[in-house]
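Structural overview
Okay, here's what each chain looks like letter by letter:
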Amino acid sequence: MELGALIRERRRALGRTQQAVADEVGVSRQWIVRLEAGRNTLELGLVMRTLGVLGLTMEINDRAVSRRAMPPGHPIDLDEVLAAVRRNP
């Protein structure tokens, strides 16, 4: 499921309006409309804040680390992940 659709589904399940979520996040209702529509040009910090308002979290995994079968919940150094991505675009 795409992130925008997941956010819309969660918002509806919580009985929240787009305007109520927008007010809590500190954005316009139109911004929430664009997020739910799957726009890929939105600011990540605001997307993360929206996820938090809706009680959702996001997990980032390094495919190389996953291939080495690290146990679930193993801490991943985000700087190391980003450096690996830069080395192997």
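Okay, so let's go over this structure.

The rules behind these values
Within any chain, residue numbers begin from 1 and follow the written order of that chain's sequence. Reporting in this predicted model follows two pLDDT cut-offs: at least 70 for local features of residues, and 80 or more for side-chain atom pairs to be given and counted; totals over whole chains, interfaces and linings ignore these cut-offs and use all residues. Hydrogens and water are ignored here; the side-chain numbers use all heavy atoms of the structure. The convention used is that axes are lines fitted to C-alpha atoms, helices contributing only their stretch in contact, and that angles between N-to-C directions extend from 0 to 180 degrees. Secondary structure elements follow DSSP: runs of H or I no shorter than four residues count as helices, runs of E no shorter than two count as strands, and numbering proceeds from the N terminus. Working rule for handedness: look at the near helix, and if it is turned counterclockwise from the far one by less than a right angle, call the crossing left-handed; if clockwise, right-handed. Any two residues whose heavy atoms approach within 4.5 Å are treated as being in contact. Residues form patches when they are more than 30% accessible in relative terms and have no salt bridge. Like charges link within 9 Å. Nonpolar side chains (Val, Leu, Ile, Met, Phe, Trp, Tyr) link within 5 Å. Per-residue accessibility takes into account occlusion by the displayed protein chains alone, with areas from the Shrake-Rupley method and a 1.4 Å probe. By definition here, a salt bridge exists when the distance from a side-chain nitrogen of Lys or Arg to a carboxyl oxygen of Asp or Glu is within 4 Å. Angle categories are assigned with fixed cut-offs, so that under 35 degrees is roughly parallel, over 145 is roughly antiparallel, 65 to 115 is roughly perpendicular, and the rest are oblique. Put simply, Ala, Val, Leu, Ile, Met, Phe, Trp, Tyr, Cys and Pro go in the nonpolar bin, Asp, Glu, Lys and Arg in the charged bin, and everything else, Gly too, in the polar bin. Only protein chains enter the area calculation, which uses a 1.4 Å probe; residues under 20% of their type maximum are buried, those over 50% are exposed, and those in between are partly exposed. What the arc covers is the set of directions going from the helix axis to the C-beta atoms.

This paragraph deals with the packing of helix H2 (residues 18-25) against helix H4 (residues 44-53). Closest axis-to-axis distance for the H2/H4 pair is 10 Å, and the angle between their directions is 115°. Relative to H4, H2 is oriented so that their crossing is right-handed. Here H2 contributes Val21, Glu24 and Val25 to the contact with H4, which in turn contributes Leu46, Arg49, Thr50 and Val53.

On to a nonpolar patch on the surface. Nonpolar side chains collect at one region of the surface, where Leu3, Leu6, Leu44, Met48, Met58 and Ile60 lie side by side and expose about 510 Å² of accessible area between them. Listed by contribution, the elements that provide at least two residues to the nonpolar patch are helix H1 (3-13) and H4.

Take the packing of helix H3 (residues 29-36) against H4 next. Running from N to C, H3 and H4 cross one another at 90°; their axes reach a closest spacing of 12 Å. The pairing of H3 with H4 is recorded here as roughly perpendicular in orientation. Contacts between H3 and H4 involve Trp31, Ile32 and Leu35 from the first element and Leu46, Val47 and Thr50 from the second. Within the contact of H3 with H4, the residues separate by chemical class into five nonpolar, one polar and no charged.

Right, let's talk about H2 for a bit. Taken residue by residue, H2 has Gln18, Val21, Ala22 and Val25 as its buried positions. The arc enclosing the buried residues of H2, seen along the axis, measures out at 100°, which places them on a common side. Residues of H2 that are buried in the fold lie against H1, H3 and H4. Following H2 by one or two positions, glycine 26 has its phi on the positive side, about 90°.

Listed in full, the buried residues belonging to H3 are Trp31, Ile32, Leu35 and Glu36. Taken down its axis, H3 places every buried residue within 135° of arc, on the same side. On its buried side, H3 packs onto H1, H2 and H4. Looking one or two residues past H3, glycine 38 carries a phi angle of roughly 90°, positive in sign.

Scanning the model with the defined rule gives two salt bridges in all. Here glutamate 24 ties to arginine 16 by a salt bridge, and the two come within 2.8 Å at their closest N and O atoms.

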